[in-house]
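# Analysis of the macromolecular model
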Amino acid sequence: MPRSSWPEYFLNITYLVAQRSTCLRRQVGAIAVKDKRILATGYNGAPSGVPHCLDIGCLREQLGIPSGQRHEICRALHAEQNVIIQAATHSLDISGADLYCTTRPCSLCAKMLINCGIQHIYYVEDYPDELADTLLKEANIPLVKLSFTPPHGGILEH
């Protein structure tokens with residue numbers, strides 16, 4: 001079996017992280033990597049101690065709101081936001097790190113990632129938010145779409 005490249009290795013981990021998501025619409029995972037070391041991980045879901053959409057349903061889905069719109073009424077944090085929060089909670093500096101994400105960041109996350117000093121963003125799946133692309137381009141942060149087939153499956157319970 002051939003050895004995985006660094007991007008394949010990090011993307012496999014990113015999709016594993018996404019399996020913890022509690023979002024009914026899209027499971028997203030993200031990791032901050034610096035010098036080939038994972039600094040922080042995040043997935044999209046409700047804040048700690050708050051009911052998850054898996055338990056109470058999705059307001060955006062109930063209202064028929066399309067993907068990429070009305071983030072303010074979603075109860076979940078995005079995976080990228082949780083990476084930033086995890087790093088801050090553990091006093092980790094992610095400036096100069098790269099972000100691997102299953103999905104291209106939205107404009108809210110792009111603004112946060114710019115201010116955190118993220119150097120490159122690698123993603124696999126698109127997300128409908130042109131402002132994010134514009135902001136990242138203006139900040140000179142390369143947004144690199146990678147061709148990757150996500151792993152499938154998980155732990156089987158007997």
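Use the structure listed above.
Here we summarise the structure given alongside this text. (Residues numbered from 1 in each chain as written. Predicted model: local features only at pLDDT ≥ 70, side-chain atom pairs only at ≥ 80, totals over all residues. Heavy atoms only, no water.)

### A word on the overall build of the chain
When you go through the chain residue by residue, the secondary structure sums to 6 helices and 5 strands. When the helices and strands of the chain are listed from N to C terminus, the series reads α-β-β-α-α-α-β-α-β-α-β. For the chain, the spread of C-alpha atoms along the principal axes amounts to about 45 × 40 × 30 Å. Out of the 158 residues in the chain, the part that is buried amounts to 40%. Contacts spanning at least 24 positions in sequence make up 56% of the contacts within the chain whose residues lie at least 6 apart. (Helix = DSSP H or I, 4+ residues; strand = E, 2+ residues; numbered from the N terminus. Buried < 20%, exposed > 50% of the residue type's maximum accessible area, 1.4 Å probe, protein only. Contact = heavy atoms within 4.5 Å.)

### Description of the pattern of salt bridges
Two side chains bearing opposite charge may form a pair once their charged atoms approach each other closely. The full count for this structure, using the stated rule, is 3 salt bridges. Aspartate 126 is paired through a salt bridge with arginine 104; the nearest N and O atoms lie 3.3 Å apart. Remark: arginine 104 occurs in the loop between β3 (98-103) and α5 (107-116) and aspartate 126 occurs in the loop between β4 (120-125) and α6 (130-138); sequence separation between them is 22 residues. Looking at aspartate 126, the relative accessible area reads 40%, which means it is partly exposed. Taking the relative accessible area as the measure of exposure, arginine 104 reaches 12% and is therefore buried. (Salt bridge = Lys/Arg side-chain N within 4 Å of Asp/Glu carboxyl O.)

### Quick word on the side chain of glutamine 81
Among the secondary structure elements, glutamine 81 is positioned in helix α4 (residues 79-89). Within polar-contact distance, the side chain of glutamine 81 engages the backbone nitrogen of histidine 78 at 2.8 Å. Each residue touching glutamine 81, except ones within four places of it in the same chain, is listed here: Leu108, Cys109 and Met112. (Polar contact = N/O pair within 3.5 Å; in protein donor to acceptor, adjacent residues only side chain to side chain.)

### A word on the nonpolar core
Judged by nonpolar contacts, the single largest core of 20 residues is most densely connected at Ala30, Val83, Ile94, Leu99, Leu113, Ile118 and Ile121. Elements with a minimum of two residues in this core: β1 (29-34), α4, β3, α5 and α6. Leucine 113 has contacts with Glu80, Ile84, Leu99, Pro105, Ile118 and Ile121, leaving out every residue within four places of it along the chain. Formed by 10 residues, the second largest nonpolar core is a distinct cluster that contains Val33, Tyr100, Tyr122 and Val124. (Core = buried A, V, L, I, M, F, W, Y, C linked by side-chain atoms within 4.5 Å.)

### Quick word on α5
Residues of α5 that are buried: Ser107, Cys109, Ala110, Leu113 and Cys116. Contact partners of the buried residues in α5: α4, β3, β4 and α6. Positive backbone phi, approximately 85°, marks glycine 117, located one or two places after α5.

### Here's the deal with the packing of aromatic side chains
Per the counting criterion, the structure on display carries 6 aromatic pairs. When the ring of tyrosine 15 is compared with that of phenylalanine 148, the centres are 5.7 Å apart and the planes differ by 25°; the resulting orientation is stacked. Note that tyrosine 15 is positioned in helix α1 (residues 6-18) and phenylalanine 148 in the segment after β5 (143-145), a separation of 133 residues in sequence. Of the two residues, tyrosine 15 and phenylalanine 148, both sit in the buried class. Pairing tyrosine 100 with tyrosine 122 gives two aromatic rings, centres 4.9 Å apart and planes at 20°, and the pair type is stacked. Here tyrosine 100, found in strand β3, pairs with tyrosine 122, found in strand β4; they are 22 residues apart in sequence, far enough to count as distant. When sorted by exposure, tyrosine 100 lands in the same class as tyrosine 122, which is buried. Members of the aromatic cluster, joined through ring pairs, are Trp6, Tyr9, Phe10, Tyr100 and Tyr122. (Phe/Tyr/Trp six-rings, centres within 6.5 Å; stacked < 30°, edge-to-face > 60°.)

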